[in-house]
Amino acid sequence: MDIQTEWVLLGLGLITIFSYLFDLLAKRTKFPSVILLVLIGILVRLYTDAEGLTFPVLEDILPTLGSIGLILIVLEGALELSTEREKLGLIIRAFFSSLIIMLLTVTALTILFYYGFHMKLYISIVNAIPLSIISSAVAIPSSMGFATSKREFIIYESSFSDIIGIILFNHVLANRTFGPEILVYFGIETILVLAVTVVCSFLLIKLLHRIEHKIKYFLPIAVLIILYALGKMFHISSLMMVFFFGLFMANSRTLFPRRIRKFLDHEQVDVNLKQLQLLTGESAFLIRTFFFLIFGFTIVVSKMGNPWLLIWGTIIIVIIFAIRFAYLRIMSKGRITPEVFIAPRGLINILLFLSIPTALLSDVINQYVLLIVFIFSLLVMIWGGISWKKPKSGKEIIEEVREISWNI
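Residues numbered from 1 in each chain as written. Predicted model: local features only at pLDDT ≥ 70, side-chain atom pairs only at ≥ 80, totals over all residues. Heavy atoms only, no water.

J.: How do you make sense of the environment of Gly 334 when you look at a structure like this?
T.: Topologically, Gly 334 is positioned in the loop between helix H13 (307-331) and helix H14 (347-355). Placed 111 residues apart in sequence, Gly 334 and Val 223 show a C-alpha to C-alpha distance of 41 Å. (Helix = DSSP H or I, 4+ residues; strand = E, 2+ residues; numbered from the N terminus.)

J.: It is not clear to me how the confidence of the model for the protein should be interpreted in this structure. Could you clarify?
T.: Reading fine detail from the predicted coordinates is not recommended where pLDDT is low. Scored by pLDDT, the protein comes out at a mean of 83, with 91% of its residues at no less than 70. Scored below 50 in pLDDT, residues 392-408 shows 2 contacts in the model against residues more than four places distant or in partner chains. (pLDDT = per-residue confidence, 0-100. Contact = heavy atoms within 4.5 Å.)

J.: Would you explain helix H5 (residues 121-131) in this entry?
T.: Most of H5 sits inside the fold, with 9 of its 11 residues counted as buried. Buried within H5 are the following residues: Tyr 122, Ile 123, Ser 124, Val 126, Asn 127, Ala 128, Ile 129, Pro 130 and Leu 131. (Buried < 20%, exposed > 50% of the residue type's maximum accessible area, 1.4 Å probe, protein only.)

J.: Looking at this model, I keep getting lost on a nonpolar patch on the surface. Mind explaining?
T.: Side chains of Trp 7, Leu 10, Leu 14, Ile 17, Phe 18, Tyr 20, Leu 21 and Leu 24 sit close together on the surface and give an oily, nonpolar patch of about 810 Å² of accessible area. Positionally, Tyr 20 belongs in helix H1 (residues 5-29). (Patch = residues over 30% accessible without salt bridge, like charges linked within 9 Å, V, L, I, M, F, W, Y side chains within 5 Å. Areas by Shrake-Rupley, 256 points an atom, 1.4 Å probe, with all protein chains shown as cover. Salt bridge = Lys/Arg side-chain N within 4 Å of Asp/Glu carboxyl O.)

J.: What is the right way to look at the environment of Ser 158 in this model?
T.: The residue Ser 158 is located in helix H7 (residues 148-174) in this model. In this structure Ser 158 comes out as buried when scored by relative accessible area, which is 0%. If we skip the residues at most four places from it in the chain, Ser 158 touches Ile 134, Ser 136, Ala 139 and Ile 140. A polar contact of 2.7 Å, which involves the side chain of Ser 158, links it to the backbone oxygen of Ile 154. (Polar contact = N/O pair within 3.5 Å; in protein donor to acceptor, adjacent residues only side chain to side chain.)

J.: Please explain the side chain of Ser 283 as it appears in this structure.
T.: Inspection of the secondary structure puts Ser 283 in helix H12 (residues 266-297). Sequence-distant contacts of Ser 283, that is, excluding residues within four places in its chain, are made with Leu 72 and Phe 218.

J.: Looking at this structure, I do not really get the packing of aromatic side chains. What am I missing?
T.: Geometry of an aromatic ring pair is reported as the spacing of the ring centres plus the angle between the planes. Taken as a whole and judged by the stated rule, the model has 16 aromatic pairs. Measuring from centroid to centroid gives 5.6 Å for Phe 113 and Phe 117, while their planes differ by 20°, and the two rings are stacked. Relative accessible area serves as the criterion here: at 15%, Phe 117 is assigned to the buried category. Between Phe 291 and Phe 292, the ring centres sit 5.3 Å apart and the planes meet at 85°, which makes this aromatic pair edge-to-face. When its relative accessible area of 0% is taken as the criterion, Phe 292 is described as buried. Through pairs of rings, three or more aromatic residues link up here, namely Phe 95, Phe 96, Tyr 156, Phe 160, Phe 243 and Phe 244. Cation over ring: Arg 45 sits above Phe 297, and NZ or CZ is 5.2 Å from the ring centre. (Phe/Tyr/Trp six-rings, centres within 6.5 Å; stacked < 30°, edge-to-face > 60°. Lys NZ or Arg CZ within 6 Å of the ring centre and 35° of its normal.)

J.: In this structure, what is going on with the pattern of salt bridges? I would like to understand it.
T.: Any two side chains of opposite charge can pair, on the condition that their charged atoms come close. In the structure shown here, the tally under the stated rule is 6 salt bridges. For the salt bridge of Arg 288 with Asp 23, the shortest nitrogen-to-oxygen distance reads 3.9 Å. Of this pair, Arg 288 sits in helix H12 while Asp 23 sits in helix H1, and the two are 265 residues apart along the sequence. On the basis of relative accessible area, Arg 288 is assigned to the buried category, the value being 9%.

J.: Just to check I follow, could you spell out unusual backbone geometry for this structure?
T.: Working note: non-glycine residues mostly have negative phi, and peptide bonds are mostly trans. In the segment running from Thr 337 into Pro 338, the intervening peptide bond is cis, with an omega of 5°. Among the structural elements, Pro 338 can be located in the loop between H13 and H14. Positive phi, normally seen in glycine, also occurs at His 118, with a value near 60°. Structurally, His 118 is set in the loop between helix H4 (88-116) and H5. His 118 gets classed as exposed once you look at its relative accessible area, which sits at 68%.

What follows is the structure in structure tokens.
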């Protein structure tokens, strides 16, 4: 049975409003809005199945919608980062945290799949990678209420995790061998992408200065989408371009070479930066809303009756957070909360899982196990966010001391 356009428009409007309310609720309760969106998607699927309504296109547009959302979310996070010299240590720490934790998690899950589930070694590796990546689409919005240094660490770490995960996934799909050459490949690719990004960022910033049309901020986003698509065709991590463009845009006074820097009007860059932040933030919100809703819609509840799905998902979650806790505990001198709990799975994991060729899919690790891992990782994040209390700043402590002294 077909559904009338008016009802579709009504549904789209209500979903957007509910998503906005969920976001407001998330800021107060630390309960991620994406869980509610997925649940709404599942409920809509139950209703449409009962009424005999069909939406065959939704599952087909999920990868495209997710890719656009990923671009916008990584760009949104990068536009808010600053790269002063004193933050170099934080950036390096975030990079190695994402790299080492991911490699350890891939190794542990591969061993589990190979020996525990009796999957072939290559198939085990391919299925382990999507589960080993932190989703920046969920981590970045969830870090809003944290201290600045911890929030920046989460943004850098989750963005690096997405980038490294995509590079690793593409390399493993293209080559059945894995060795030291991937580090050389990653280094060369990073240098080439960085060089292209410097040139493209400069040209886009200059172009934004010259455009007098009232609609101009979608232009750089359109260019980034084109670069991302071309990168995927040639198996290059074009998400790195998106991340670096956001960094260059937000830090034009420091990151661009001096010879290029003098050709930029930095005051105008700041104006464009604020407008671009506004546009990417609202666009990312809209795309993220419908991506997780459609993902929930693709879930067939009747197929989730197998209790082993819950057991497998629980084992995977325990491995993920045990490795994360051990690494951060060993490598960090200070407190590791709340970042130890911020390792959500989400958009990037679903996208990569959908990209696995049919011949490499497993009966054991399917989208329902992925859904359980996704929900459990969010529940851990919720628990960590609620149980963690933000340390008081020096100013707040001084004010308390003054108040106590005054009362005395």
